[in-house]
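Coordinates in review
Here's the letter readout for the chains.
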Amino acid sequence: MIEAHGHLAALLHVPNGSPLTEYLSVSYEGDSPHSLARVYVPNGPEPTEALGNGPSYVRAEASFAVLSALSAEVRETVSARLPTPDEASTLRINPGLAVLAITRVAADTAGHVPEAALLVFPGDRVEAIFTTHHVLNERLTHG
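What counts and what doesn't
Residues numbered from 1 in each chain as written. Predicted model: local features only at pLDDT ≥ 70, side-chain atom pairs only at ≥ 80, totals over all residues. Heavy atoms only, no water. Helix = DSSP H or I, 4+ residues; strand = E, 2+ residues; numbered from the N terminus. Polar contact = N/O pair within 3.5 Å; in protein donor to acceptor, adjacent residues only side chain to side chain. Pairing = 2+ DSSP bridges. Salt bridge = Lys/Arg side-chain N within 4 Å of Asp/Glu carboxyl O. Buried < 20%, exposed > 50% of the residue type's maximum accessible area, 1.4 Å probe, protein only. Contact = heavy atoms within 4.5 Å.

Mapped onto the elements of the fold, R38 is located in strand 3 (residues 32–42). In this structure the side chain of R38 is engaged in a polar contact, spanning 2.8 Å, whose partner is the side chain of D86.

In structure tokens, the structure reads:
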């Protein structure tokens with residue numbers, strides 16, 4: 001258990017010092033670390049519902065999926081940056097190699113944030129694909 005401060009408190013819309021549960025997962029391709037995920041869930045009645053009652057290793061396997069089935073909106077911010085010393089060590093990369101960092105925030109229909117995730121991928125081992133589906137106004141499509 002950790003306390004929310006600064007960036008995490010703002011992402012999760014909780015006061016500084018609020019208790020959070022942190023789930024850490026490192027995925028591998030063969031013997032090489034491929035990605036690092038830190039998922040943060042505010043403590044209280046919601047985490048049990050969001051994470052289910054399965055063992056913690058099952059929850060860690062799902063760290064790249066949105067944990068809360070009740071999420072109405074998921075916002076992901078993608079950026080390229082240099083890794084922190086901890087990220088470089090965990091991912092076994094040169095500290096001068098850029099990483100692709102994704103900050104994912106899930107919100108329910110009332111605007112509550114049941115989880116936030118910080119995902120990190122080595123820049124030389126990842127590909128990002130974005131697909132956009134446009135919804136056309138019916139008046140435009142029917143005349």
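The next point concerns the sheet that holds strand 1 (residues 2–3). Overall, antiparallel pairing links the 6 strands, which are arranged 1-2-3-6-5-4 in an open sheet. Among the strands making up the open sheet, the edge pair consists of strand 1 and strand 4 (73–81). Summarising the sheet, strand 1 and strand 2 (residues 19–29) pair through 2 bridges and their orientation is antiparallel. Looking across to strand 2, one finds that E3 is bridged to P19.

So, on to the pattern of salt bridges. Taken as a whole and judged by the stated rule, the model has 5 salt bridges. Here R104 makes a salt bridge to E115, at a shortest N to O gap of 3.7 Å. In this pair, R104 sits in strand 5 (residues 99–107) while E115 sits in strand 6 (residues 115–122), placing the two residues 11 residues apart along the sequence. Given the relative accessible area of 2%, R104 is considered buried. Residue classification places E115 among the buried positions, given a relative accessible area of 1%. Among the ionic pairs, R125 bridges to D124, the shortest N-O distance being 3.7 Å. When its relative accessible area of 27% is taken as the criterion, R125 is described as partly exposed.

Turning next to the environment of P15. Tracing the sequence through the fold places P15 in the loop between helix 1 (6–12) and strand 2. Here P15 falls in the exposed class, since its relative accessible area comes to 57%. On a C-alpha basis, the gap between P15 and A4 in space is 7.3 Å, while along the polypeptide they are 11 residues apart. Not counting the four nearest positions on each side in its chain, P15 is found in contact with A4 and A9.

So, about the pairing of strand 6. Of all the 8 residues making up strand 6, 7 are buried; the element is thus mostly covered by neighbouring parts of the structure. As defined by bridge partners, strand 3 adjoins strand 6 across 5 bridges and the pair is classed as antiparallel. Across the sheet, L36 pairs through a bridge with V120, a residue of strand 6. The pairing of strand 5 with strand 6 spans 8 bridges and is classified as antiparallel. Looking at strand 6, one finds that I102 is bridged to L119.

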